[in-house]
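Spelled out from the first residue to the last, the chains are:
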Amino acid sequence: MSDAYHAYKAEEIARCGPRLSDRDIALFDLMQEEASEVIKDRSKLRRSDERPGFRKMSDPDGPNTGQRLAGEVYDFLTLVDLAFDRGLLSREDFIAHKMTKLTKLRVFSPEIF
């Protein structure tokens, strides 16, 4: 690649600021894993005909699909809270974003309210 390309790339990287710490990268990796667990358990709830009380026949005393999904959501939210605590996410920006999102949801998905 050309010297001009490398100079451009170096300038672009410098403009972006410092790289995340390994600790913060690990946190985001865990958030990604937990998000996939939420998606997986949401799928299981759908496959159980949207019955949160459904239990696997192989584990009749274990948590039901609703409890499993809630647990995964709580795990994800715990990591989001850590990101807030570390300053990786802003609570103030979140509140503003949430208000905008709620407005859009009321227009485009009123059935959830």
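Here the structure is a predicted model, which is why all the values come from computation and not from measurement.

Colleague: Hey, could you run me through the overall build of the chain in this one?
Modeller: Broken down by element type, the chain carries 4 helices and 0 strands. In sequence order, the secondary structure elements of the chain are arranged as α-α-α-α. Over its C-alpha trace the chain gives a radius of gyration of 21 Å, far above what one expects of a compact globule, namely 13 Å for 113 residues. When the backbone C-alpha atoms are referred to their principal axes, the chain occupies close to 65 × 40 × 30 Å. By residue count, 15% of the 113 residues in the chain fall in the buried class. Contacts in the chain between residues far apart in sequence, at least 24 positions, make up 46% of those at least 6 positions apart.

Colleague: It is not clear to me how the side chain of Asp24 should be interpreted in this structure. Could you clarify?
Modeller: Considering the arrangement of structural elements, one finds Asp24 in helix H2 (residues 22-47). Sequence-distant contacts of Asp24, defined by excluding residues within four places in its chain, comprise Arg86 and Leu88.

Colleague: How should I be thinking about the nonpolar core in this particular structure?
Modeller: A general trend in soluble globular proteins is that nonpolar side chains are found buried together. Listed in full, the 6 residues of the largest apolar core are Leu27, Met31, Leu79, Val80, Ala83 and Phe84. Elements with a minimum of two residues in this core: H2 and helix H3 (65-85). Once you skip the residues sitting within four places of it in the chain, Leu79 turns out to touch Leu27, Leu30, Met31 and Glu34.

Colleague: Just to check I follow, could you spell out the environment of Gln67 for this structure?
Modeller: Turning to its location among the elements, Gln67 is positioned in helix H3. Exposure remark for Gln67: the relative accessible area of 43% places this residue in the partly exposed category. Along the backbone, Gln67 and Ala14 are 53 residues apart, and their C-alpha atoms lie at a distance of 46 Å. Once residues within four sequence positions are removed from consideration, Gln67 is found in contact with Arg55 and Gly62.

Colleague: Which parts of the structure should I look at to understand the confidence of the model for the chain?
Modeller: Do not read the fine detail of predicted coordinates wherever pLDDT is low. Averaged over every residue, the pLDDT of the chain is 95; residues scoring 70 or more account for 100%. At the low end of the mean pLDDT range in the chain sits helix H1 (residues 3-15), at 88; at the high end sits helix H4 (residues 91-108), at 98.

Rules used throughout
- Residues numbered from 1 in each chain as written.
- Predicted model: local features only at pLDDT ≥ 70, side-chain atom pairs only at ≥ 80, totals over all residues.
- Heavy atoms only, no water.
- Helix = DSSP H or I, 4+ residues; strand = E, 2+ residues; numbered from the N terminus.
- Rg over C-alpha atoms; globule rule 2.2 N^0.38 Å.
- Buried < 20%, exposed > 50% of the residue type's maximum accessible area, 1.4 Å probe, protein only.
- Contact = heavy atoms within 4.5 Å.
- Core = buried A, V, L, I, M, F, W, Y, C linked by side-chain atoms within 4.5 Å.
- pLDDT = per-residue confidence, 0-100.

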